[in-house]
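Tertiary structure, described
Chain by chain, the residues run as shown.
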Amino acid sequence: MRQISKRLLIFLSISIGFVSAIEPISTTFVVGVGAFLGKRVYNYFHETCDDSWIVYNSTSLEIDLKRKLFGQHVASRVIMKAVTGFINNKNPKKPLVLSLHGWTGTGKNFVSQLIVENIYNKGMTSNYVHQFVATKHFPHLSHIDTYKAELQQWIKGNVTICPRSMFIFDEMDKMHAGLIDSIKPYLDYYDNLEGVSYRQAIFIFLSNAGGEKITRIVLDFWRAGRAREEVQLKDLESALSLDVFNNKQSGFWHTSLIDKNLVDFFVPFLPLEYSHVRMCALAEMEARELTPNVEIAEQVATEMTYFPKEEKVFSVKGCKTIGSKLDYYI
Ligand SMILES: *[C@@H]1O[C@H](CO)[C@@H](O)[C@H](O)[C@H]1NC(C)=O
């Protein structure tokens, strides 16, 4: 990209030179226009931290959530409210911190991507979007001090370059408590830290924590013959409460992220049923520009494993392995 824009700039300056040789009187004018166009062309290819590259489109996020995310009416609602409220707020008191919880394959990563795509024109390839996976980026306990220093430096450095930076932390439940502690200051209500304000930044945490409890609640609804859509955020709040997180196994709990109210929204993801898996398969075909085939979608959905043993309501892997299952048939 950069290479292209540089070349275009050179081309533009040569053309300006050529034009000015023919018509010396209007040189200033031509140079002015040329510089203006040059900057436009350069900006067109080179991502900048401003509203030519970072534009939130709430309508399009809403449509994406409706069309591409299946079975997550609670999460969709919370996300819309959280992101729209935050971005429309000209003077936020802290960065936006979302914590996405739920069973594997329910769409936590996918939703993060949708949020990114509706804020950053370059989507996940934006220079202002940073994703960290605990087991991949911070695997060794013995390196924890290095990780801490690096991570703090990255957050600071990147927010200095672009206040509207996004940081996604996957596998939050496998992240060391000390590492979580080290990012806490950036999530807090500070005007600035060493001259850098983090109030425009967005942090998204993903974890499976609370997933089992969410599943139990949704299963209770199912067993009571109630519609899944009746499940409200308030029904799930107990699943995302402190006592669920008060288990020593994962890093989150040792920290005061929760009791200090640094997380603005807990977003629950419900376990997925057969009908959702089927829709995932159809959407995947569409994404691959294949004609959606209901028969194949149903075959793929049927092949997934469902739990609990007796009723077989929820997909064990959610929509996770749909892609590779499809490869089989196509
Ligand atoms: C920004 O974050 C990336 C990791 O996503 C890191 O490699 C890079 O060094 C950071 N930039 C600054 C200026 O700190």
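Attention here is on the structure that accompanies the text.

Rules used in this analysis
- Residues numbered from 1 in each chain as written.
- Predicted model: local features only at pLDDT ≥ 70, side-chain atom pairs only at ≥ 80, totals over all residues.
- Heavy atoms only, no water.
- Helix = DSSP H or I, 4+ residues; strand = E, 2+ residues; numbered from the N terminus.
- Buried < 20%, exposed > 50% of the residue type's maximum accessible area, 1.4 Å probe, protein only.
- Contact = heavy atoms within 4.5 Å.
- Areas by Shrake-Rupley, 256 points an atom, 1.4 Å probe, with all protein chains shown as cover.
- Pairing = 2+ DSSP bridges.
- Axes fitted to C-alpha atoms, helices over the stretch in contact; angles between N-to-C directions.
- Phe/Tyr/Trp six-rings, centres within 6.5 Å; stacked < 30°, edge-to-face > 60°.
- Lys NZ or Arg CZ within 6 Å of the ring centre and 35° of its normal.

Below, the discussion takes up the overall build of the chain. Counting its secondary structure elements, the chain contains 15 helices and seven strands. Buried residues in the chain amount to 48% of all 330 residues. Considering only contacts within the chain whose residues lie at least 6 apart along the sequence, 75% involve residues at least 24 apart. Per element, the accessible surface of the chain, about 17,300 Å² overall, is 55% carbon and sulfur.

Our next topic: the sheet that holds strand 2 (residues 129–133). Read across the open sheet, the five strands follow the order 2-3-4-1-5; overall the sheet is parallel. The sheet is open, and its two edges are formed by strand 2 and strand 5 (265–269), each paired on a single side. Along the sheet, successive strands turn relative to each other by an average axial angle of 15°, direction set aside. Note: strand 3 (residues 166–170) against strand 4 (residues 202–207), four bridges, orientation parallel. From the neighbouring strand, Phe167 faces strand 4, where its bridge partner is Phe203. Here helix 7 (residues 144–161) sits on the sheet in contact with strand 2, strand 3 and strand 4, set at roughly 150° to strand 3.

Okay, the packing of aromatic side chains next. Evaluation of the coordinates by the stated rule reveals eleven aromatic pairs. By way of ring pairs, the aromatic residues Phe132, Phe138, Tyr147, Trp154, Phe169 and Phe205 are connected into one cluster. The ring of Tyr189 has Lys94 lying over it, and the distance from NZ or CZ to the ring centre is 5.8 Å.

This part covers unusual backbone geometry. Both trends apply: most residues other than glycine have a negative phi, and most peptide bonds are in trans. Cis peptide bonds are those with omega within 30 degrees of zero, and the linkage from Phe307 to Pro308 qualifies with -10°. Relative to the helices and strands, Pro308 is located in the loop between strand 6 (306–307) and strand 7 (314–315). Although it is not a glycine, Glu171 sits at a positive phi angle of roughly 60°. The topology assignment puts Glu171 in the loop between strand 3 and helix 8 (177–187). One non-glycine residue with positive phi stands out, namely Glu289, at about 60°. Following the sequence through the fold, Glu289 ends up in the loop between helix 13 (274–287) and helix 14 (294–303). Residue classification places Glu289 among the exposed positions, given a relative accessible area of 76%.

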